[in-house]
2 protein chains.
Amino acid sequence: MMKHALSVTREADFAAWYQTVITEADLAEESGVRGCMVIRPWGYGIWERIQRLLDDRIKATGHENCYFPLFIPLSYFEEEASHVDGFAKEMAVVTHHRLVADGKGRLVPDPAAKLEEPLVVRPTSETVIGHAFARWVQSWRDLPVLINQWANVVRWEMRTRMFLRTAEFLWQEGHTAHATAQEAQAETLKMLEVYREFAETCIALPVIAGEKPENERFPGAVATYSIEAMMQDGKALQAGTSHFLGTNFAKAQNIRFQNAEGQLELANTTSWGVSTRMIGGLIMVHGDDDGLRVPPRVAPWQVVIVPMLRDTPEDEALVAYCKELQAALSRESALGEPVRALLDLKAVKSTNKRWGWVKKGAPIVIEVGGRDMAAGNVSVIRRDRLYREDGKLDSVATARDAFVAAAGAMLEEIQQALFTQARDRLHANITPAADWAAVEAHFAEGARNPGWREVQWSRPTGAALEAVVEKLKALKLTLRNAPMDQPAADGACVFTGAPAVERVLIGRSY
Amino acid sequence: MMKHALSVTREADFAAWYQTVITEADLAEESGVRGCMVIRPWGYGIWERIQRLLDDRIKATGHENCYFPLFIPLSYFEEEASHVDGFAKEMAVVTHHRLVADGKGRLVPDPAAKLEEPLVVRPTSETVIGHAFARWVQSWRDLPVLINQWANVVRWEMRTRMFLRTAEFLWQEGHTAHATAQEAQAETLKMLEVYREFAETCIALPVIAGEKPENERFPGAVATYSIEAMMQDGKALQAGTSHFLGTNFAKAQNIRFQNAEGQLELANTTSWGVSTRMIGGLIMVHGDDDGLRVPPRVAPWQVVIVPMLRDTPEDEALVAYCKELQAALSRESALGEPVRALLDLKAVKSTNKRWGWVKKGAPIVIEVGGRDMAAGNVSVIRRDRLYREDGKLDSVATARDAFVAAAGAMLEEIQQALFTQARDRLHANITPAADWAAVEAHFAEGARNPGWREVQWSRPTGAALEAVVEKLKALKLTLRNAPMDQPAADGACVFTGAPAVERVLIGRSY
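Just so it is clear, the model here is predicted, and its values are computed rather than measured. (Residues numbered from 1 in each chain as written. Chains lettered and ligands numbered in written order. Predicted model: local features only at pLDDT ≥ 70, side-chain atom pairs only at ≥ 80, totals over all residues. Heavy atoms only, no water.)

A. Structural detail: the overall build of chain A. Along its length, chain A carries 14 helices and 28 strands. Here the C-alpha radius of gyration of chain A, 26 Å, is about what a compact globule of 510 residues would show, namely 24 Å. Principal-axis analysis of the C-alpha atoms gives chain A an extent of 80 × 65 × 55 Å. Classification of the 510 residues of chain A by burial places 60% in the buried group. Residue pairs at least 24 apart in sequence account for 70% of intrachain contacts in chain A once pairs closer than 6 positions are excluded. When the accessible surface of chain A is totalled, it reaches about 20000 Å², and 50% of it is carbon and sulfur. (Helix = DSSP H or I, 4+ residues; strand = E, 2+ residues; numbered from the N terminus. Rg over C-alpha atoms; globule rule 2.2 N^0.38 Å. Buried < 20%, exposed > 50% of the residue type's maximum accessible area, 1.4 Å probe, protein only. Contact = heavy atoms within 4.5 Å. Areas by Shrake-Rupley, 256 points an atom, 1.4 Å probe, with all protein chains shown as cover.)

Shown next as structure tokens:
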């Protein structure tokens, strides 16, 4: 059996493998604060790349960034009933604004500093932003309002898992208000498409964009759309959502405008978000048994140069040779930006450095020893082709100048290779099922990656939908989404037998 | 008297003028949540520019960004006594993790969901980051640790003022750990210098860098340094601080390392921060009676193009002419970056747009009417030279191509002009005082801008310092800082009569 850099493989224990990648790639760690993680430099660097690339797209579609309060008065939540139902169970509540010594040497919340109205730490900002919209919107001329916020939010989850489900997480939340339902609906779908293109282009994460069924809607939404990615264990990860809120929040928060005819109308609003969860998806789609593989577009460093230092006087020339390489790379471009090249001079053994960067998933690792330098060469390790067919590390001696000239194209190739691999896996593992028995049999098989089944259904609502959800729950399955742009339904609903109206995806999920 | 765009002048009421600029320039507004503001797109756009430019500098000096939890267990604060003394009175405390209906139709914190240990919303992160450092640092090889975080923090201020003092604010906080006190002290001063250079180069904000006196130290610090800026009313604004923490926090949080000789030592740590307060300083230094003036380096848009639309078929050609201008400007560069040019096509009257952008402080506003277009011209308004000598708006008809070619240089000129004006005012208003009587007389005068007085002092400590602080307080004065690189003291202390050891600045402050 081939030896790999991690102590646990995906096949042996996918959940343990996931935690191991996070630790070994220095992405994040437990903080000591319940449910909250510390995002370490390599993990945060990926988030910064995500922010930069997604923010460019959010701005290019006409949105402006703002910042709204962390705290939301409890009364704001009482205005939209289904919204509060969805979040009340997992809210962190601030009740005091001062600490005081208790006389036994411990600090306690000061009973004399109790807030008149408790404040909720935002789980999402529809309510507080809706109040702002109500102030900003008077006339049709003020519409649309197109804003976005990068922020931390808190949802008190009982069972947490790093990046996927943490009490505090980082995200962007877009919020818009429009004069008509059609316009708001179009905005909802536009941002869904921005998310799809961003996930596929930047994270190399192939996704299925579609509408969530009624039971999976955002609390207070008229319609919720998602992009769903498939992890290597076949489970689905909802990687981004876009909500058409209709006039539900506008009614609750009184967002009204005078139309061109002078009549008062309710605005239609939307909201949409992508979070640090995306990094969990990146890990579970691109990671392998040697650690993470970061797509070049979101890699904090795309090329890492490791000089094989030996604490001898020759080290100086080697470092100079590597610095020239770094400078030359920084003048090249890949994927539309200057190449990001790091020279790693830390006081760590070279082979440990090599494996450290392999586990972190830097797209290209360059090793340079005295022999390489003498020959004008560098040794190139590509993270997407780590081993030769004989199982040995695939380190290719290449002329330094030739590598510099090829680096941009090589990074583009790696980006594409990661995407193609993930896309092929996604499509190979979405299979149609003609009836419920086929669904049941498929997921009973215990395949390592059971993937998703696509079924036709009649889109039941209310109690009928609840029955479907319960039936799925027994097999640990959930409805993911009804893909956009699907062919017309032509069969019977696998749940009710009634004529089907659309296709919907079924799978296990995070 | 000349008419200006704002309803209140700096001279008439500086505090009211400040609020008016914030409102009229669309920078921020009250949120409805006590002490928290909404930062609107133009204000947040300035913050994004500050983030980008300061972050580049923080990274260039070897620091990496991370993210640490918003919540800090109460017990962490009990570890460093003077630190908690400094913050306990203004902390937001989370005590519950769920809401529940109270039976009377209202939501209340669920008594069954009380936290075992209350969590504090971070007022600053030394304690929680110190805990992480303790995990990360084992050997001298792990040092230095150089990290930074962009985050929101909460300090429950009783009297708030937008940007200057808000319950929640945004900032960056750098935290580092070093093997020796000398190295940590050098880091503290290096970041002070990064702040000085950043403030002067990017915000055009001349500052005095120096050491704060003992009574103004950060709770738990061995030494605190600041950059102090002078507002147009002569008050000082502490615009950034850098703290040498010695081993105080390392002791409290057990940050120890094995040195090269195998012995266990305490690390020395530092912390340093700049916040959204900087925007308050920008307003009070560069604003005038027509609104804000944003230095080009931090202006979200440097050139705003306003076509004089008339709802006629000719509008189309005018917009096309302006789009060409926008595209041509985007190919030019200013201050090392591509020019940021906006074409304002909102459904707002052109003259309202002009004054809107003047109040927002866009460095250059370009108006284009049919006559301009026919002549191949544009009308150029520079925000730093808004009026001609006769008091009329200084709008200069310029050939479009000539303007494009000159735009980069013009923006650099505006950046420099704002800095020079502020620097001259700063230096003109720092004057030496030989004795206490001179200080007293000076601040009793009631000058619109009394500025600061520089005095020599013996740097008293403890009770003697408290006496000085009380004496100053009676005149609403505070000790600002002892400037770096000052000439040797050669007189007597104005407070104690003892031989002076250094010069220190005295002024009113925000």
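B. Here's a closer look at the UniProt feature "domain: Aminoacyl-transfer RNA synthetases class-II family profile" (unreviewed entry) in chain A. Within the UniProt annotation, "domain: Aminoacyl-transfer RNA synthetases class-II family profile" (unreviewed entry) is assigned to residues 29-295 of chain A. This span, residues 29-295 of chain A, is 30% helix and 33% strand, and a straight line between its end C-alpha atoms measures 22 Å. (UniProt positions renumbered as here; feature names shortened; annotations may be inferred.)

C. Structural detail: the interface of chain B and chain A. Counting residues at the interface gives 64 residues for chain B and 65 residues for chain A. A salt bridge links A:Glu78 to B:Arg106; the shortest N-O distance between them is 3.0 Å. For the pair chain B and chain A, the number of links is 34 residue pairs in polar contact (both at pLDDT 80 or more). In terms of residues, the side of chain B that touches chain A owes the most to one element, helix H2 (residues 41-60) of chain B, which gives six residues. A class-by-class count of the residues in the side of chain B that touches chain A yields 39 nonpolar, eight polar and 17 charged. Where strand S5 (residues 93-96) of chain A lies against strand S5 (residues 93-96) of chain B, three bridges are found, and the strand directions are antiparallel. Residue A:Val93 lies in a different strand from S5(B), and its bridge partner there is B:His96. (Salt bridge = Lys/Arg side-chain N within 4 Å of Asp/Glu carboxyl O. Polar contact = N/O pair within 3.5 Å; in protein donor to acceptor, adjacent residues only side chain to side chain. Nonpolar A, V, L, I, M, F, W, Y, C, P; charged D, E, K, R; others polar. Pairing = 2+ DSSP bridges.)

D. A look at the pattern of salt bridges. Per the counting criterion, the structure on display carries 62 salt bridges over all chains. Here A:Glu24 makes a salt bridge to A:Lys359, at a shortest N to O gap of 2.7 Å. Of this pair, A:Glu24 sits in helix H1 (residues 14-24) while A:Lys359 is found in helix H10 (residues 350-360), placing the two residues 335 residues apart along the sequence. Using a relative accessible area of 33% as the deciding quantity, one classes A:Glu24 as partly exposed. The class of A:Lys359 is buried, set by a relative accessible area of 17%. With a closest N to O distance of 2.9 Å, A:Arg382 and A:Asp384 form a salt bridge. Both residues of the pair, A:Arg382 and A:Asp384, count as buried. Linked through salt bridges whose partners overlap, the residues forming this network are A:Asp26, A:Glu29, A:Arg40, A:Lys360 and B:Arg135.

E. A look at the side chain of B:Asp290. Residue and element names in this part refer to chain B. Residue placement: Asp-290 occurs in the loop between helix H8 (277-286) and strand S17 (303-307). Within the structure, the side chain of Asp-290 is placed 2.8 Å from the backbone nitrogen of Ala-5, a separation counted as a polar contact. For Asp-290, the contacting residues outside a window of four places in its chain are His-4, Ala-5, Leu-6, Trp-355, Val-358, Lys-359, Arg-383, Leu-386 and Tyr-387.

F. Just the relation of the copies chain B and chain A, in detail. Laying chain B over chain A is done by rotating through 180° and shifting 0.0 Å along the axis; what remains is an RMSD of 0.0 Å. Within this description, the copies of the chain are treated as partners about a two-fold rotation axis. Identified as the residue of chain B closest to the rotation axis by C-alpha distance is B:Val94, at 2.1 Å. When the interface residues of chain B are mapped onto chain A, 100% of them again lie at the interface, so the same face is used by both copies. (Least-squares fit on C-alpha atoms with pLDDT ≥ 70 in both.)

G. Region of the structure containing the sheet that holds strand S24 (residues 430-432) of chain B. One open sheet accounts for four strands, arranged S24-S25-S28-S26 (chain B); its pairing is mixed. At either end of the open sheet lies a strand with only one pairing partner, and these are S24 and strand S26 (478-479) of chain B.

H. Up close: the domain arrangement of chain A. All names here are of chain A. Taken domain by domain, chain A holds domain 1 (14-286), domain 2 (296-426) and domain 3 (430-507). On a C-alpha basis, the centroid separation for the pair domain 1 and domain 2 is 37 Å. Each partner contributes residues to the interface: domain 1 has 23 residues there, and domain 2 has 18 residues. Buried area between domain 1 and domain 2, summed over both chains or domains, comes out near 1900 Å², and the portion from carbon and sulfur atoms is 67%. Considering only the side of domain 1, the residues that lose the most area to domain 2 are Trp-42, Arg-49 and Pro-206, jointly responsible for 36% of the buried surface there. Joining domain 1 to domain 2, the criterion identifies three salt bridges. Between the two partners, domain 1 and domain 2, sit nine residue pairs in polar contact (both at pLDDT 80 or more). Elements represented by at least two residues in the side of domain 1 that touches domain 2 include exactly helix H2 (41-60), helix H6 (181-202), strand S11 (207-211) and helix H8 (277-286). Of the residues that constitute the side of domain 1 that touches domain 2, the class distribution is 15 nonpolar, four polar and four charged. (Domains from an automatic or database assignment. Buried area = accessible area lost by both parts, 1.4 Å probe.)

I. Highlighting the pairing of strand S21 (residues 364-368) of chain A. All names here are of chain A. With respect to burial, S21 is a largely interior element, five of its five residues being buried. The two faces of S21 match: Ile-364, Ile-366 and Val-368 on one face and Val-365 and Glu-367 on the other face are all buried. Summarising the sheet, strand S17 (residues 303-307) and S21 pair through five bridges and their orientation is parallel. Paired with Ile-305 across the two strands is Ile-366, which belongs to S21.

J. Quick look at H6(A). Residue and element names in this part refer to chain A. Helix length check: H6, at 22 residues, gives a terminal C-alpha distance of 31 Å against a target of 32 Å (1.5 Å per residue), a fit within 8%. Those residues of H6 that fall on the buried side of the exposure criterion are Ala-184, Glu-187, Thr-188, Met-191, Leu-192, Val-194, Tyr-195, Phe-198, Ala-199, Glu-200 and Cys-202. Where H6 ends, the next residue or the one after it, Ala-204, has phi of about 55°, a positive value. (Expected span 1.5 Å × (residues − 1).)

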